[in-house]
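The lines below spell out each chain.
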Amino acid sequence: MPALPLDQLQITHKDLKTGKLRTSPALHPEQKADRYFVLYKPPPKDNIPALVEEYLERATFVANDLDWLLALPHDKFWCQVIFDETLQKCLDSYLHYVPRKFDEWVAPAPEVVDMQKRLHRSVFLTFLRMSTHKESKDHFISPSAFGEILYNNFLFDIPKILDLCVLFGKGNSSLLKKMIGNIFIQQPSYYNDLDETMPTILQVFSNILQHSGLQRDGTSSIPQKLEERGRLTPSDMPLLELKDIVLYLCDTCTTLWAFLDIFPLACQTFQRHDFCYRLASFYEIAIPELESAIKKRRLEDSKLLSDLWQRLSHSRKKLLEIFHILLNQICLLPVIENSCDNIQGFIEEFLQIFSSLLQEKRFLRDYDALFPVANDVSLLQQASSVLDETRTAYILQAVESAWEGVDRRKPTDAKEPPVAKDLNGVMVTVEPVSGQSSHLENLEGEECLGAAAALGPTVCGVELDSLISQVKDLLPDLGEGFILACLEQYGYDPEQVINNILEERLTPALSQLDRSLDREVKPDPTPLLTSRHNIFQNDEFDVFSRDSVDLSRVHKGRRKGENTRSLLNDKREVVAQRQRYEQYSVVVEEVPLQPGESLSYRGDDYEDEYDDTYDGNQVGANDADSDDELISRRPFTIPQVLRTKVPGEGQEEDDDDEEEAEDEAPKPDHFVQDPAVLREKAEARRMAFLARKGYRHDNTAVAGSPRGHGQSRETTQERRKKEANKSTRANHNRRTMADRKRNKGMIPS
């Protein structure tokens, strides 16, 4: 007889009140054991003995209760899970309060670490059994009933699934993938819950931008409050507030990445909300500002800044990997696997995603460094022969333009971190908080860098001093020699050096160096003595190029016995120069002849024979000009100024020529010009000057109307002004000045 599923199974038991046998479903509240599960509390941050003892006591109760639960048979286990509310509260408290690997935690005591490992394993096995609907052939639940049990009793929900992925994903990925996949398969309603959760996830990014003062105008549909208008930017806000933002960002990014890495089928739901574009836009706005805010705080808590930089680098890497998982699951995998007959739709989705991100320069650059876009485009070109080359070329050109002004380095091959093997089916090594090995952390930290350091050209001089100062401004306790060694190791990339120093991920050789090591002063490769060049270089008295000098050639002062006559009679210099000039055959005293050689023509003798080569050519014989015309002198002519005027001279010229000469002749220049013409010119110049100044003199008001017609008020005023002010110009105050002179006795009366 085949076994019935647990949801259909009926059991017979004795009623405690009546003592009679009765039948009831196997899943019934009466089958639940009366046991109270205490809530979990995290270990103390400070290793105070009293707090540690309290934690160990409570954690022991939780671990013992979970071990008892796991030891129950199939029907008893599910009755306890479904109907015991204290169990669900205990599991929820653990998911909520257990420290993540990126949380701050002082190195705990060994007994605390052992207890955390035990609790972590027990909680994981509990959730693993809760997500399994068939344990054996005789103990199972029908799939439809299993899905209803999970959904109606809230055994799993989206927040719980996210916490499970971030807590148990590393080292248990294979088991967790089966576990989460089985939950979504047996209860598709979780897809609807995930779709309804997406606005909340997107709101997290908006909240980070809003609290950072980076919210763009028009991106929020909620009216802005008055007190929010003066919100500080990351560079201006207090350090503790910046710390909260970075921790919130790190938690969010790590959780989303862990969920998509474990359950990539959720990518379709994410993309329905345009998650790729929202993610890239958030990255472009928030990440550079937060990085700049941390770098500028040089004089504050260096340990805290180091921790924040490490978390921000981790968050940046996780955001890029989230985008890669989405892109790979939505567009690339269907094309590679040929799971659909029509792959053109997936290619079009790929092109649309990148076309919407062309303005996000920083995001494109960092993503291309970690996951080259050209490789994805090449894969699509191999898969489809009708790929739009124009759009792909435009996308690749935009990616290249994002690298302008930035030193581009080739990414190294990403190494897969080692995964803990499942040796006993369920027993896996899980280290939740401080138990992560340094090797895994180093590998993960190296992936945070995006483009790894390929050795670039040697840097020296002022540029090297600038790179050293960049690192020393942020880490002033380091010596210049240590910083120089780190720069040489990581290709003179100061950002990578700072990141590796803060995250304690230096190579073994650099880790053993003294961090206060000073910079060695290298000698100049071209010293002054070897680089000098002058006219005395390498002569017989150059003591810098030879060790011994003939001192007999050196004389100090005036030689004795020398006078002017002896100096002039000294012809040694002339004899020495004679040999040089003999080489040019300038000085030849005699030419030796060999026996039997005559004084015939020699190639070096002067030839004075007349050359008649061109005598047959008549040069100039056919010219029209005669020799008389060429050699005749110009007849003497008296200058016109000295000539005497002869009556009737020039009468033979034509009348037309005379008229033209008269017209072309300049007019006589009179010494005294007409005064009227001068006054007109002066008036014209004055009016032109006033016109340039914008002054327009209007005399129409003073003239007024003809007599007998009356004058207007304006005319009367203008005439009064003219009468009162006429003495200030021209010569209208003659009577007044004459009276003044007469009163002073200057003019006789």
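Residues numbered from 1 in each chain as written. Predicted model: local features only at pLDDT ≥ 70, side-chain atom pairs only at ≥ 80, totals over all residues. Heavy atoms only, no water.

A. Structural view of the overall build of the chain. Secondary structure assignment for the chain yields 30 helices and two strands. Across the 749 residues in the chain, those meeting the buried criterion constitute 35%. In the chain, the proportion of contacts linking residues at least 24 apart, taken out of those at least 6 apart, comes to 70%. If you sum the accessible surface of the chain, you get close to 50000 Å²; carbon and sulfur atoms cover 52% of it. (Helix = DSSP H or I, 4+ residues; strand = E, 2+ residues; numbered from the N terminus. Buried < 20%, exposed > 50% of the residue type's maximum accessible area, 1.4 Å probe, protein only. Contact = heavy atoms within 4.5 Å. Areas by Shrake-Rupley, 256 points an atom, 1.4 Å probe, with all protein chains shown as cover.)

B. Structural view of the packing of aromatic side chains. What the rule picks out here adds up to 24 aromatic pairs. Consider the rings of phenylalanine 127 and phenylalanine 156, whose centres lie 5.9 Å apart with planes at 55°: the pair is tilted. Taken together, the residues span a long stretch of sequence, with phenylalanine 127 in helix H4 (residues 110–130) and phenylalanine 156 in the loop between helix H5 (143–152) and helix H6 (158–168) at a distance of 29 residues. The residues phenylalanine 127 and phenylalanine 156 share a single accessibility class, namely buried. A centroid spacing of 5.5 Å and a plane angle of 45° characterise the contact between tyrosine 367 and phenylalanine 371, whose relative ring orientation is tilted. (Phe/Tyr/Trp six-rings, centres within 6.5 Å; stacked < 30°, edge-to-face > 60°.)

C. Geometry of the packing of helix H2 (residues 74–83) against H4. Close contact between H2 and H4 brings their axes to 11 Å; oriented N to C, the two are set at 100°. With respect to each other, H2 and H4 are oriented roughly perpendicular. On H4, the residues touching His74, Phe77, Trp78 and Val81 of H2 are Thr126, Arg129 and Met130. When its residues are assigned to classes, the contact of H2 with H4 shows four nonpolar, two polar and one charged. (Axes fitted to C-alpha atoms, helices over the stretch in contact; angles between N-to-C directions. Parallel < 35°, antiparallel > 145°, perpendicular 65-115°, else oblique. Nonpolar A, V, L, I, M, F, W, Y, C, P; charged D, E, K, R; others polar.)

D. Representation of the packing of H5 against helix H7 (residues 173–186) in the model. Two elements in contact, H5 and H7, have axes separated by 8 Å at closest approach and are oriented at 100°. In terms of axis orientation, H5 runs roughly perpendicular to H7. Residues Pro143, Phe146, Gly147 and Leu150 of H5 form the contact with H7, whose own contacting residues are Asn182, Ile183 and Gln186. A breakdown of the residues in the contact of H5 with H7 according to their chemical character gives four nonpolar, three polar and no charged.

E. Focus on the pairing of strand S1 (residues 10–14). Two strands pair when backbone bridges link them, and S1 and strand S2 (residues 21–25) are joined in this way by five bridges, in the antiparallel orientation. Residue pairing across strands places threonine 12 opposite threonine 23, the latter belonging to S2. In textbook terms, the turn of a hairpin is the stretch between consecutive antiparallel strands, and for S1 and S2 this stretch comprises six residues, one of which, glycine 19, has a positive phi near 80°. (Pairing = 2+ DSSP bridges.)

F. How the structure looks around the environment of leucine 474. Inspection of the secondary structure assignment puts leucine 474 in helix H18 (residues 462–474). Sequence separation of leucine 474 and leucine 305 is 169 residues, and the distance between their C-alpha atoms is 9.5 Å. Discounting chain neighbours no more than four positions away, the residues touching leucine 474 are Ile294, Lys295 and Ile498.

G. Looking closely at the environment of tryptophan 68. Counting through the fold element by element, tryptophan 68 comes out in helix H1 (residues 49–70). A relative accessible area of 25% means that tryptophan 68 is categorised as partly exposed. When sequence neighbours within four positions are dropped, the list of residues in contact with tryptophan 68 reads Ala33, Arg35, Phe37 and Gln80.

H. A look at the nonpolar core. With 155 residues, the main nonpolar core has Trp78, Phe156, Phe259, Phe270, Phe275 and Phe323 as its most contacted residues. Of all the elements, helix H12 (residues 302–337) adds the most residues to this core, at 16 residues. Other than its neighbours up to four places away in sequence, phenylalanine 156 contacts Phe127, Met130, Ser131, Leu150, Leu164, Met179, Ile183 and Tyr190. (Core = buried A, V, L, I, M, F, W, Y, C linked by side-chain atoms within 4.5 Å.)

I. Representation of the pattern of salt bridges. In total, this model carries 20 salt bridges according to the counting rule given. Here glutamate 321 makes a salt bridge to lysine 318, at a shortest N to O gap of 3.8 Å. You can see glutamate 321 and its partner lysine 318 sitting in helix H12, three residues apart, about one turn around the helix. In this structure, a network of salt bridges that share partners links the residues Glu291, Arg316, Arg362 and Asp366. (Salt bridge = Lys/Arg side-chain N within 4 Å of Asp/Glu carboxyl O.)

J. Expanded view of a nonpolar patch on the surface. A cluster of nonpolar side chains, contributed by Phe541, Leu551 and Val554, occupies part of the molecular surface with about 290 Å² of accessible area. Along the polypeptide, phenylalanine 541 turns up in the loop between helix H22 (528–531) and helix H23 (564–569). On the accessibility criterion, phenylalanine 541 (34% relative accessible area) is partly exposed. (Patch = residues over 30% accessible without salt bridge, like charges linked within 9 Å, V, L, I, M, F, W, Y side chains within 5 Å.)

K. Examining unusual backbone geometry more closely. The phi dihedral of phenylalanine 154 falls on the positive side, at around 55°, and the residue is not glycine. Following the sequence through the fold, phenylalanine 154 ends up in the loop between H5 and H6. Positive phi is not limited to glycine here, since aspartate 274 has a value of about 55°. Within the element layout of this structure, aspartate 274 appears in the loop between helix H10 (267–271) and helix H11 (275–296). Residue class for aspartate 274 comes out partly exposed when judged on its relative accessible area of 38%.

L. Quick peek at empty space enclosed by the protein. Taken as a whole and assessed by the stated rule, the structure comprises two cavities of 30 Å³ or more. Of the volumes computed, that of the largest cavity is approximately 60 Å³. Taken together, Ile294, Arg297, Ser302, Leu305, Ser306, Trp309, Leu474, Leu475 and Leu502 form the lining of the largest cavity. Top element by residues in the lining of the largest cavity is H12. It accounts for four residues. (1 Å grid on protein atoms, 1.4 Å probe; cavity = no way out; pocket = protein on both sides within 12 Å on 5 of 7 lines; lining within 4 Å. Points joined across faces, edges and corners; volume = space filled by probe spheres on them.)

M. Layout of the environment of tyrosine 190. Tracing the chain through its elements places tyrosine 190 in helix H8 (residues 189–211). Judged by its relative accessible area of 1%, tyrosine 190 is buried. In this structure, the C-alpha to C-alpha distance between tyrosine 190 and tyrosine 151, residues 39 residues apart in sequence, is 8.1 Å. For tyrosine 190, the side chain forms a polar contact with the main-chain oxygen of leucine 150, separated by 3.3 Å. (Polar contact = N/O pair within 3.5 Å; in protein donor to acceptor, adjacent residues only side chain to side chain.)

N. Representation of the state of the cysteines. Throughout the structure, instances matching the rule amount to zero disulfides. Residue cysteine 250 stays outside any disulfide, its sulfur separated by 7.3 Å from that of cysteine 253, the closest cysteine. (Disulfide = S-S within 2.5 Å.)

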